[in-house]
Amino acid sequence: HYLGWKHHSDEGIIMGLAPYGNDKKIVPGSKKTYEEIFQEIISEVGEFDFKIDPSWISYYHVRDKWISDKFIEVFGPVRKPESELTEHHKNIAAALQNRIERIILQQLKNAKQKSNSKKLCFSGGVALNCSLNGKIIESNLFEEIFVQPASGDNGAALGACLLSHKKLSGELKPKKIHDYYLGSEFSNDEIKNILDANGVKYSFFDDISKKTALALNNKKIVGWFQGGAEFGPRALGNRSILTSPFPASMKDYLNSRVKFREEFRPFAPSILSEYAKDYFSINQESPHMLIAANVKEDKISEIPAVVHVDNTARIQTVTNENNSIFRKLLESFFDLTGCPVILNTSFNVKGQPIVNSPEDALNCFLNTNIDVLVLGNFFISKEDIQ
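All residue numbers refer to position in the chain's written sequence, counted from 1. For this predicted model, a pLDDT threshold of at least 70 governs which residues receive local features, and a threshold of 80 or more governs which side-chain atom pairs are given and counted, while totals over whole chains, interfaces and linings are taken from all residues. Only hydrogens and water are set aside when side-chain values are computed; all heavy atoms of the structure are taken into account.

Colleague: Could you clarify how one ought to interpret the packing of helix α2 (residues 34–41) against helix α4 (residues 87–115) in this entry?
Modeller: How two helices sit against one another is set out by the angle between their axes and by the gap between those axes. The angle between two axes is taken between their N-to-C directions and runs from 0 to 180 degrees, where each axis is a line fitted to C-alpha atoms and a helix contributes only its stretch in contact. Put simply, DSSP H or I for four residues or longer makes a helix, DSSP E for two residues or longer makes a strand, and each gets a number counted from the N terminus. Packing of α2 against α4 leaves a shortest axis separation of 9 Å and a crossing angle of 50°. Viewed along their axes, α2 and α4 adopt a mutual orientation that is oblique. Here α2 and α4 pass one another in a crossing that is right-handed. Taken together, the residues of α4 that come into contact with α2 (itself represented by Y34, E35, F38 and Q39) are H88, N91, I92, A95, L96, R99 and R102. Residues are grouped as follows: Ala, Val, Leu, Ile, Met, Phe, Trp, Tyr, Cys and Pro are nonpolar; Asp, Glu, Lys and Arg are charged; all remaining types, including Gly, are polar. Its residues assigned to classes, the contact of α2 with α4 comprises 5 nonpolar, 3 polar and 3 charged. Working rule for angles: under 35 degrees goes down as roughly parallel, over 145 as roughly antiparallel, 65 to 115 as roughly perpendicular, anything else as oblique. Two helices that cross are described as forming a left-handed crossing if the nearer one is turned anticlockwise from the farther one by less than a right angle, and a right-handed crossing if clockwise. Here, two residues are considered to be in contact whenever any of their heavy atoms come within 4.5 Å of each other.

Shown next, in the form of C-alpha cells:
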C-alpha cells in the first residue's frame, strides 16, 4: 500500500523491486538504516514466531489506511500509483524482503534442529516468495524443498479436502504430485466452434509445437493456450505468453507493449529439466516456477531476457510427465536454436486475471501486441487476420 500497489494482489511486485534497493542506506531525516527500522517494525519472538509493532500500522484502526502516521513521519508520504519510483522506495522494498528472509531462515534453522528432517514442505502465501525460496535452497539446510503451488488462499480448498479425508478415513498418506493443471479445459472441436463463430482465420497443425517454435525463433510473441488451466498464481505452460529468451530487449518489449507492466519486473525461464543444472545454480526440480536461483555466469548472455537485475531467474523445469505438450514445444525450440529455454509469463495484461477460456485468450490477443495465438492445435497470426 505504501509503495503504491494493491495489497492482497501485488506483493510479488515488491519482491521483484527489492533487488534494486539497498537496506544498508540511511533513511533520509533519520540516523538509522532501512534495515534497522524494519528490525523494529518486525521482531522475532521465540523460535517460531514474529511480532509486528502496532505503532507502525493502522489497518486495525482505520479502513484502507494501512500504515500509521508514525510510518509516514519516518518514511515520508505514500507513493501514488504510477508515480516516479525513487531509490527510497526501492530501499524500502529491499528492507522488507530481506527482513522476511532473515526471520524465516532462522525459523527454518530452528525447525531443522528440532526435526532433523532432510526435506521441507512449504505453504502459505509467503511460500510464493520465489526469492525467499531461492535463499532457502542456497542455505543448504535441506536436500530438497517442495512448495505447494496454490499456496495462497485458494489452497485452502485443498487443505479442506485433506482435513476431511483424514477425519473420515483416519489416515493420510501424502505423496508429492506435480499435476496442478486442474482448471477449465477445451477440446479442439470446442475451440474450432469458437473461432468459426468469431470469424477468425486460422490454420490447423497436427504438430503445433514445430510451427510455434518457428514463430518463437522468429522473435514472435506467442499466446499459448493448452489443456487445463493451472491451479495457483503461476502460468506453467498452459495459459502462457511465450517468447524467445534472447535478445535482452524482449523483456522490455513485453513489459511495455504487451503486458503493460513496470519495466523492472522480470520474466521466468521454462527449461527442459535435464538442462537446469547447466544454466542455473539449482540441484533439484522446480516444476511450479516458485524458486529463484542464480543464473550461471556463462549462460547470462545466452538467455538475457529472463535474467533479473540480481542475476537470478524464477525457474520452471519441464518434464514429459508434468506437461508433455509444453515439453514438446521446448524440445522443438531447442532443435531449432540449441537453447533449452523459453521465456514464459502469464497470459494476461496487468490488472487482469489469467485467461481462462478461448474467448478470453482471443480477446487478449486482439487487444495487445501479441503476434501469434495458439489455441490447442489452431494457429492464428495477426498477419493473417489484419
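Colleague: Explain the pattern of salt bridges to me, please; I cannot follow it from the model alone.
Modeller: Should a side-chain nitrogen of Lys or Arg be within 4 Å of a carboxyl oxygen of Asp or Glu, the pair is scored as a salt bridge. Summed over the entire model, instances satisfying the criterion amount to 19 salt bridges. One salt bridge connects K24 with E35, and the closest N-O pair in it is separated by 3.6 Å. Within this pair, whereas K24 is found in the loop between α1 (11–17) and α2, its partner E35 is found in helix α2, the two being separated by 11 residues in sequence. Among the charged side chains, a salt-bridge network with shared partners connects D23, K24, E35 and R102.

Colleague: Help me understand the sheet that holds strand β5 (residues 203–204), please; the structure alone is not making it clear to me.
Modeller: In any sheet, the strands associate via hydrogen bonds between backbone groups, in a parallel or an antiparallel arrangement. Taken in spatial order, the 9 strands make up an open sheet running β5-β13-β12-β6-β7-β11-β8-β10-β9, and their pairing is mixed. Every other strand in the sheet has two partners, leaving β5 and β9 (291–294) as the edge strands with one partner each. Inspection of the sheet shows β5 paired to strand β13 (residues 378–381) by 2 bridges, in the antiparallel sense. Across the sheet, the residue bridging to F204 is F378, located in β13. Contacts between helix α5 (residues 130–139) and the sheet are confined to β9 and β10 (312–318), with β9 contributing the most and set at about 55° to the helix. What makes two strands pair is DSSP finding at least two bridges between them.

Colleague: Just to check I follow, could you spell out the pairing of strand β2 (residues 49–52) for this structure?
Modeller: Where a strand is regular, its side chains alternate between the two sheet faces. Across 4 bridges, the pairing between strand β1 (residues 42–45) and β2 is antiparallel. Note that in β2 the partner of I42 across the bridge is I52. Two successive antiparallel strands, β1 and β2, enclose a turn made up of 3 residues, where G46 displays a positive phi of approximately 65°.

Colleague: Help me out: how do you make sense of helix α7 (residues 188–197) in this one?
Modeller: Note on helix geometry: an α-helix contains 3.6 residues per turn, so any two residues three or four positions apart are oriented the same way. Three labels apply to residues, based on accessible area from a 1.4 Å probe with only protein chains included: buried if under 20% of the type maximum, exposed if over 50%, partly exposed otherwise in between. Within α7 the residues assigned to the buried category are I191, I194 and L195. For α7, the buried positions fall inside an angular range of 95° around the axis, keeping them on one side. Looking at α7, the residues exposed on the side facing more than 90 degrees away from the buried face are D189, N193 and A197. On its buried side, α7 packs onto α12 (358–366), β12 (372–375) and β13. Just past α7, the residue G199 takes up positive phi, approximately 65°. Comment: arc refers to directions from the helix axis out to C-beta atoms.

Colleague: Even after reading the chapter, I still don't get the environment of D384, so can you show me in this structure?
Modeller: Checked against the element boundaries, D384 lands in helix α13 (residues 382–385). What makes D384 partly exposed here is its relative accessible area of 41%. Sequence separation of D384 and K277 is 107 residues, and the distance between their C-alpha atoms is 40 Å.

Colleague: Just to check I follow, could you spell out the pairing of strand β7 (residues 239–243) for this structure?
Modeller: With 5 of its 5 residues buried, β7 lies for the most part within the structure. Side chains R239, I241 and T243 of β7 all project onto a buried face; the interleaved residues S240 and L242 project onto the opposite face, where all are buried too. In this structure, strand β6 (residues 222–225) lies alongside β7, joined through 4 bridges in antiparallel fashion. Each residue of the ladder has a partner; that of W224, found in β7, is S240. Alignment of β7 against strand β11 (residues 341–346), held across 4 bridges, turns out to be antiparallel. Residue pairing across strands places T243 opposite L343, the latter belonging to β11.

Colleague: Looking at this structure, I do not really get the state of the cysteines. What am I missing?
Modeller: Cysteine sulfur atoms are paired as a disulfide whenever they come within 2.5 Å of each other. Tallied over the full model, the rule gives 0 disulfides. The thiol of C130 is not disulfide-bonded; the next cysteine sulfur, from C121, is found 16 Å away.

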